[in-house]
Amino acid sequence: MDARRLSRRAFLAGAAASGLLATGGGLWTPARARVLRSQLRAIADPTGTTLESTIARSAGAGYRTLVEGPGWPTLVRTDLATPDPGRVDRRQAVAALAHLTDIHLIDVQSAGRVEFLDRYGSPLTSAFRAQEALTAHVGSSMVQRINSLTGGPITGRPFDCAISTGDNIDNQQLNEAQWFITLLDGGVLTPDSGLLGTYEGVQDGVDVDPHYWHPEPGILDDPKTAGGFPDRPGLLAAAIAPIVTPAVGMPWYSTYGNHDGLVQGNLPRNAIVDQLLTHERKALDLKAGQSAAAFIGTMFTDPASLLADLEAGAYPFREVTSDAGRRTLTGREWVQLHLDSPAVPGPVGHGYTEDHLELPAVYYEFTIAPGVIGLSLDTGGYNSGSIGQTQLDWLEARLRAAHSSWWDTSGEVVRSGATDQLVVLFSHFGPGAMDRPMADPANPDERRVLGDEVVAMLHRYPNVIAWVNGHHHSNNVAPYADPSGRTQGFWDINTASHVDWPQQARLVEVVDNRDGTLSIFCTMLEHLAGARAPEEGDDVLSLAALSRELCANDAQSGGDRALGTAADLNVELVLTDPLQRQLPPITTTTTAPVATPAPILTGTPTYTG
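Below is a summary of the structure that appears in this document. (Residues numbered from 1 in each chain as written. Predicted model: local features only at pLDDT ≥ 70, side-chain atom pairs only at ≥ 80, totals over all residues. Heavy atoms only, no water.)

1. Observations regarding the pairing of strand β20 (residues 490-494)
Within β20, five of the five residues are buried, which leaves it mostly tucked inside the rest of the structure. The alternating pattern of β20 places F490, D492 and N494 on one face and W491 and I493 on the opposite face, and all of these are buried. In terms of strand pairing, strand β18 (residues 464-469) meets β20 through four bridges, oriented parallel. Bridge pairing in β20 links N469 to N494. The sheet contact formed by strand β19 (residues 476-480) and β20 spans five bridges and is antiparallel. Its bridge partner lying in β20, V477 is registered against I493. (Buried < 20%, exposed > 50% of the residue type's maximum accessible area, 1.4 Å probe, protein only. Helix = DSSP H or I, 4+ residues; strand = E, 2+ residues; numbered from the N terminus. Pairing = 2+ DSSP bridges.)

Here is the structure:
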């Protein structure tokens, strides 16, 4: 580590001690600062991560700017196993990856957006956010931050891959999906639709509504009405202008989220919904005498009447420029966009193959690193919050292929000649959020499987070490111990979003401690934009900084709730190494044949459209 970086960290620690910096939600204490100083001597390179510095909300009431704060130390979590104190000198990196989630690339001008529902309170308060026009800039800023790193901060291992765990887009729109591919592949990304170069949405000076922040000066003169948010001349034009964004500098993968496969993350696609998305009229409020619940019910059960009422003028509306690119995309098209992606940064198809065009869901297996596989699940789309029996069977087949031994449902040990590999699951909905057994319209008789059942199956396979996911827009890390004691269990790693505060990603490093344990190091990552948003500037990082500041001031976001606690941020998650774990004495053993590669998927196609 160079002297400049050490001096900067020393300055941050001293500034925090003297009260010059915010504490990051109370995460800084003198004791934690001492731990961090000790840890920094033993890690590869904290530069650019929250081990070096963090971004926090300034103190006070009203509209709050952001400030740079001290780094956070790594908290050792021994919920599942206890490591040897001497592991630091002998540990070896096994894998390293970047976890992005809930990027929510948003076409803010779409006629299919229903921002007006935001005014009707919970659970509709994410229908509008002041920062939504800047999601592409935040995504690019995060890619730039990842590219600035030389490897995992703890081990220095070059990153094996990046994976975005769903809600990559916001409204199941074709143009949003194209933006997402460009974001990770690199190139010119134009977050604009309709009349190109002209913003047509709820934040401009047409049909001014005080519920929304209008950044142009003079539209709303009362700062209290505007929420105390600043004037920002030219922001809306800058937000939809083309940006040049670099490719993420590693192989990348994505999982399917409910906003990727459902309109607004809730509504199944159909021809009428596509007409609403591509219409030249955008609804601005409920029709006379209608409740929000009734409007939502009509969207689900009778969208044709909603369309007819919109065209008859029953809904308050504004004219927007129609755009066919706002139509929904099918599951096949989602796969095809990944298949059409260039070979660099790759890999070709990003986990998908031509077989996925004809098979029933967007789940797949991929290699993270030698001896470590990833299983990307489809918990999004129409069946958000559950998987079908077909996918469960596929998952168990892939687990068996990665295990030389496991337990069957009767408690007997099954042995095979398969080569043991560590297994990490990725999905949008994590185990605790898989609680919606909605029937699949294309396979209405297929049994739906919820999180508890999947967890019980995973506990029979000792090589599963982690389940990485998103959806909640908050940081949370929890152990899932095996109640039977047969396996060590696994870690549930949930990461916050890019669209809401605190706009973070997570670096994950798997380490062999060479003492019979593994450690999964999780290090939080801020995107590259600085803490303080400049008062002017239309470059990517200036707009990304403004987005972060705006979301930190979202009165509906719950302050630092989504940030989580110290136990959810920079953590070392310890497990017994399953590849060295001895099976307990048994009285009955079943011998299974050597696992052979199975088709990626089997079953009847379920895609429509």
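So, next bit.
2. A few points about the layout of surface pockets
It is a probe the size of a water molecule, rolled over the atoms, that shows where empty space is left. Of the voids in this model, the largest pocket is the one considered here, and its volume is about 1000 Å³. P123, L124, S126, H259 and N266 are, among the 40 residues lining the largest pocket, the residues nearest its centre. Of all the elements in the fold, those that place two or more residues in the lining of the largest pocket are α6 (258-261) and α8 (292-301). Among the elements that line the lining of the largest pocket, the one with the most residues is α8, at three residues. Looking at the lining of the largest pocket residue by residue, the class counts come to 14 nonpolar, 15 polar and 11 charged. (1 Å grid on protein atoms, 1.4 Å probe; cavity = no way out; pocket = protein on both sides within 12 Å on 5 of 7 lines; lining within 4 Å. Points joined across faces, edges and corners; volume = space filled by probe spheres on them. Nonpolar A, V, L, I, M, F, W, Y, C, P; charged D, E, K, R; others polar.)

3. Things to note about empty space enclosed by the protein
Taken as a whole and judged by the stated rule, the model has four cavities of 30 Å³ or more. Taken as a whole, the largest cavity spans an internal volume of roughly 190 Å³. Around the largest cavity sit 15 residues that line it, and G112, V114, L276, M299 and L306 are the ones nearest its centre. Contributions of two or more residues to the lining of the largest cavity are made by α7 (271-277), α8 and α9 (303-312). Quantified by volume, the second largest cavity comes out at close to 40 Å³. Lining the second largest cavity we find V108, R113, E115, F128, R129, E132, Y199, V202 and Q203. The residue inventory of the lining of the second largest cavity, partitioned by class, reads four nonpolar, one polar and four charged.

4. Describing the side chain of Q488
In this structure, Q488 sits in the loop between β19 and β20. On the basis of relative accessibility, which here comes to 6%, the residue Q488 falls in the buried class. At 3.1 Å, the side chain of Q488 forms a polar contact with the backbone oxygen of P462. Only 3.5 Å separates the side chain of Q488 from the backbone oxygen of V464, close enough to count as a polar contact. (Polar contact = N/O pair within 3.5 Å; in protein donor to acceptor, adjacent residues only side chain to side chain.)

5. Observations concerning the sheet that holds strand β3 (residues 75-77)
Neighbouring strands of a sheet are bound in pairs by backbone hydrogen bonds; such pairs are parallel or else antiparallel. Taking strand neighbours across the sheet as the criterion, the seven strands line up as β3-β23-β22-β21-β4-β5-β8 in an open arrangement whose pairing is mixed. Lying at the two open borders of the sheet, with one neighbouring strand each, are β3 and β8 (252-255). With direction set aside, neighbouring strand axes in the sheet form an average angle of 25°. Inspection of the sheet shows strand β4 (residues 92-100) paired to strand β21 (residues 504-512) by seven bridges, in the antiparallel sense. Paired with Q92 across the bridge in β21 is D512. Set on the sheet, helix α4 (residues 174-185) makes contact with β5 (161-165) and β8; between it and β8 the angle comes to about 150°. (Axes fitted to C-alpha atoms, helices over the stretch in contact; angles between N-to-C directions. Contact = heavy atoms within 4.5 Å.)

6. Focus: the pairing of strand β22 (residues 517-526)
Of all 10 residues in β22, 10 are buried, a share of seventy percent or more. As paired strands, β21 and β22 are joined by nine bridges and run antiparallel to one another. Across the sheet, V511 pairs through a bridge with S519, a residue of β22. Between the antiparallel neighbours β21 and β22 lie four residues, among them R514 with a positive phi of about 55°.

7. Let's talk about the side chain of N258
Topologically, N258 is positioned in helix α6. You can call N258 buried: its relative accessible area is 7%. At 3.0 Å, the side chain of N258 forms a polar contact with the backbone oxygen of G265. For N258, the side chain forms a polar contact with the side chain of H428, separated by 3.2 Å. In this structure N258 touches D167, G265, G380, G381, S384, H428, F429 and H471, once residues within four positions along its chain are discounted.

8. Here's the deal with the packing of aromatic side chains
Describing an aromatic ring pair means giving the distance of the ring centres and the angle of the ring planes. The tally for this structure, following the rule as stated, stands at 17 aromatic pairs. Pairing W213 with F229 gives two aromatic rings, centres 5.7 Å apart and planes at 75°, and the pair type is edge-to-face. Highlighted residues: W213 in the loop between β6 (187-189) and α5 (235-239) and F229 in the loop between β6 and α5, separated in sequence by 16 residues. Exposure remark for W213: the relative accessible area of 3% places this residue in the buried category. Centroid distance Y364 to F366: 5.9 Å. Interplanar angle 50°. Geometry classified as tilted. Y364 gets classed as buried once you look at its relative accessible area, which sits at 0%. One aromatic cluster in this structure is built from Y253, Y352, Y364, F366 and F426. (Phe/Tyr/Trp six-rings, centres within 6.5 Å; stacked < 30°, edge-to-face > 60°.)

9. Some words on α9
Three or more residues of α9 are buried, namely P303, L306, L307 and L310. One face of α9 carries all of its buried residues, which in axial projection span an arc of 100°. Against the buried residues of α9 lie α7, β9 (281-283), α8 and β10 (317-319). At the C-terminal side of α9, G313 shows a positive phi close to 90°. (Arc of directions from axis to C-beta.)

10. Overview of the pattern of salt bridges
Applying the stated criterion across every chain, the model contains 24 salt bridges. Across the pair D560 and R57 runs a salt bridge, and its minimum N-O distance is 3.7 Å. Remark: R57 occurs in strand β1 (residues 53-57) and D560 occurs in the loop between α13 (540-552) and β23 (571-576); sequence separation between them is 503 residues. Here D560 falls in the partly exposed class, since its relative accessible area comes to 24%. Overlapping salt bridges bring together R113, E115, R129, E132, D170, K282 and D500 as one network. (Salt bridge = Lys/Arg side-chain N within 4 Å of Asp/Glu carboxyl O.)

Just distances and angles here, no functional claims.
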